[in-house]
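The residues making up each chain are set out below.
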There are 2 protein chains.
Amino acid sequence: MASPIPHPEREEIRVEAVLHALADPVRLRIVRELAAHEEGLSCGVLDLGITASTLTHHVRTLREAGVVRVRPRGTSRISTLRRADLDALYPGLLDGVLAARR
Amino acid sequence: MASPIPHPEREEIRVEAVLHALADPVRLRIVRELAAHEEGLSCGVLDLGITASTLTHHVRTLREAGVVRVRPRGTSRISTLRRADLDALYPGLLDGVLAARR
DNA sequence: ATCAAAGTTCGACGGATCTCGTACCATGGG
DNA sequence: CCCATGGTACGAGATCCGTCGAACTTTGAT
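Summary of the structure given here. Just so it is clear, the structure is predicted and the values come from calculations on it, not from any experiment.

Things to note about the overall build of chain A
Then step 1. Secondary structure assignment for chain A yields five helices and three strands.
Then step 2. For chain A, the sequential pattern of α-helices and β-strands runs α-α-β-α-β-β-α-α.
Then step 3. The C-alpha atoms of chain A give 13 Å as radius of gyration, which agrees with the globular expectation for 102 residues (13 Å, within 12%).
Then step 4. Dimensions along the principal axes, computed over C-alpha positions, put chain A at roughly 35 × 30 × 25 Å.
Then step 5. Burial analysis of chain A (102 residues in total) assigns 49% to the buried set.
Then step 6. Put simply, of all contacts in chain A between residues at least 6 apart along the chain, 64% involve residues at least 24 apart.
Then step 7. Counting only carbon and sulfur atoms, one obtains 51% of the accessible surface of chain A, whose full area is about 5,500 Å².

Right, here's the structure in full:
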């Protein structure tokens, strides 16, 4: 079986990494979509105009920064926003970013 | 006479640029210092462990992103946080970032 | 058992970024 | 006027980052 997908603990999340993860247009778009899908979703269904390998790279960046949690379901990976962790660490940050006009 | 230092209008500020500007350790440090000095300060007085030209680069990045406002005073440049603009555009973002444990 | 679908891994390429040193400019004090 | 101070401009080097294609893995369906 595959080793479980690694995620930083809440205490390990660094603000620079979160900001860097959110600073990319593609990743910000992903975060916006996840914010609108509380139940999580397979990012592959999004029409992002990038290849699968690039998508893997972006989701990994978000996961390693502590922005999203990823869990396997069948052949897919379901991503969810780590809202509770981010709100606890940086109250207002996520809402502020999501409030930005598109 | 020198042309006035250019700054983006509030409407021109892009969230990706703000996040990118904040994602660098040196710049985040500068922003923290400016947050603690409402009246503004000359960033050259900070002991950041970088050269003057690198500091110019970072302050320009912050200014062009719309994070700080820079105005000349004598031979110095006084930087201030654009709190009102950022709070209006992304309510909570700045406070969330500043709330991060150091 | 075979196959298709969804993701991952790896290496590569090009462009952005951070850093510096050197040379330069502007302001204000003597 | 001279010059010290604070900052800028420019170019260069090293590294990082976003992107891709090709090959591979894993899971579930037939």
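So, helix 1 (residues 15–22) of chain A
Then step 1. With six of its eight residues buried, helix 1 of chain A lies for the most part within the structure.
Then step 2. Residues of helix 1 of chain A that are buried include every one of Val15, Ala17, Val18, Leu19, Ala21 and Leu22 of chain A, and no others.

Concerning the protein's contact with DNA strand C
Then step 1. The environment of DNA strand C is made up of 20 residues, and the closest members are Ser42 and Thr56 of chain A together with Ser53, Thr54 and His58 of chain B.
Then step 2. Sugar and phosphate atoms form 70% of the subset of DNA strand C atoms that lie within 4 Å of the protein.
Then step 3. At the level of elements, helix 3 (52–65) and strand 3 (76–81) of chain A together with helix 3 (52–65) of chain B are the ones that each hand at least two residues to the surface near DNA strand C.
Then step 4. The residue makeup of the surface near DNA strand C, split by class, is two nonpolar, 14 polar and four charged.

Side note on the interface of chain A and chain B
Then step 1. Each partner contributes residues to the interface: chain A has 21 residues there, and chain B has 21 residues.
Then step 2. Both faces considered, chain A and chain B share a buried interface measuring about 1,400 Å² in area, 75% of it formed by carbon and sulfur atoms.
Then step 3. Among the residues chain A hides against chain B, the three largest losses belong to Glu16, Leu19 and Ala23 of chain A. Together they make up 32% of the total.
Then step 4. Applying the counting rule to chain A against chain B returns zero salt bridges.
Then step 5. Across the contact surface, chain A and chain B share zero residue pairs in polar contact (both at pLDDT 80 or more).
Then step 6. Those elements that provide at least two residues to the side of chain A that touches chain B are helix 1, helix 2 (25–35) and helix 5 (93–98) of chain A.
Then step 7. With five residues, the top contributor of residues to the side of chain A that touches chain B is helix 1 of chain A.

Topic: the packing of helix 1 of chain A against helix 3 of chain A
Residue and element names in this part refer to chain A.
Then step 1. Running from amino to carboxyl end, helix 1 crosses helix 3 at an angle of 155°, the nearest separation of the two axes being 9 Å. The angle between helix 1 and helix 3 places the two elements in the roughly antiparallel class. By crossing handedness, the relation of helix 1 to helix 3 is classed as left-handed. Residues Ala17, Val18 and Ala21 of helix 1 form the contact with helix 3, whose own contacting residues are Thr61, Leu62 and Ala65.

Description of the protein's contact with DNA strand D
Then step 1. Contacts to DNA strand D come from 20 residues, most closely from Arg27, Ser53 and His58 of chain A together with Ser42 and Thr56 of chain B.
Then step 2. When the atoms of DNA strand D within 4 Å of the protein are grouped by moiety, sugar and phosphate amount to 68% of the total.
Then step 3. Ser42 of chain B places a polar side-chain atom, nitrogen or oxygen, 2.4 Å from a phosphate oxygen of DNA strand D.
Then step 4. Thr75 of chain B places a polar side-chain atom, nitrogen or oxygen, 3.2 Å from a sugar or linking oxygen of DNA strand D.
Then step 5. Counting residues per element, the ones that place at least two in the surface near DNA strand D are helix 3 of chain A together with helix 3 and strand 2 (76–81) of chain B.

Thoughts on the pattern of salt bridges
All names here are of chain A.
Then step 1. Tallied over the full model, the rule gives ten salt bridges over all chains.
Then step 2. One salt bridge connects Glu33 with Arg29, and the closest N-O pair in it is separated by 3.4 Å. With Glu33 and Arg29 both in helix 2 and four residues apart, the pair spans about one turn of that helix.
Then step 3. Put simply, Arg69 and Asp85 hold a salt bridge, and the shortest N to O gap is 3.5 Å. You can see Arg69 sitting in strand 2 (residues 68–73) and its partner Asp85 sitting in helix 4 (residues 83–89), a full 16 residues away along the chain.
Then step 4. Via salt bridges that share partners, Arg10, Arg69, Arg82 and Asp85 belong to a single interconnected network.

Rules behind the numbers
- Along each chain, residues carry numbers from 1 onward, in the same order as the chain's sequence is written.
- To read the labels, note that chains go from A and ligands from 1, taken in the order they are written.
- With pLDDT at 70 or above as the cut-off, local features in this predicted model cover only qualifying residues; side-chain atom pairs require 80 or more to be listed or tallied, and sums for whole chains, interfaces and linings still use all residues.
- Based on all heavy atoms of the structure, the side-chain values leave hydrogens and waters out of the count.
- Per the convention used, a helix needs a DSSP run of H or I reaching at least four residues, while a strand needs a run of E reaching at least two, with both numbered from the N terminus.
- We compute the radius of gyration over the C-alpha atoms and compare it with the globule rule, which gives 2.2 Å times the number of residues raised to the power 0.38.
- Burial classes: relative accessible area under 20% of the type maximum marks a residue as buried, over 50% as exposed, and values in between as partly exposed (1.4 Å probe, protein chains only).
- Contacts between residues were defined by any pair of non-hydrogen atoms, one from each residue, lying within 4.5 Å.
- Per-residue accessibility takes into account occlusion by the displayed protein chains alone, with areas from the Shrake-Rupley method and a 1.4 Å probe.
- Nearness is defined per residue: one heavy atom within 4 Å of the molecule or strand is enough.
- Residue polarity is assigned by list, with Asp, Glu, Lys and Arg as charged and Ala, Val, Leu, Ile, Met, Phe, Trp, Tyr, Cys and Pro as nonpolar; anything else, Gly included, falls into the polar class.
- Buried area adds together the accessible area that both of two parts lose upon being put together, with accessible area traced by a 1.4 Å probe.
- Put simply, a salt bridge is a Lys or Arg side-chain nitrogen that is within 4 Å of an Asp or Glu carboxyl oxygen.
- Between N or O atoms, a polar contact is any pair within 3.5 Å; within protein, one atom must be a potential hydrogen donor and the other a potential acceptor, and residues adjacent in sequence are included only when both atoms are from side chains.
- For every element, the axis is a line fit to its C-alpha atoms; helices are fit only across the contacting stretch, and the angle between N-to-C directions ranges from 0 to 180 degrees.
- Should an angle lie under 35 degrees it is considered roughly parallel, over 145 roughly antiparallel, and from 65 to 115 roughly perpendicular; all remaining angles are considered oblique.
- Crossing handedness follows the turn of the near helix against the far one: under a right angle anticlockwise gives a left-handed crossing, and clockwise gives a right-handed one.

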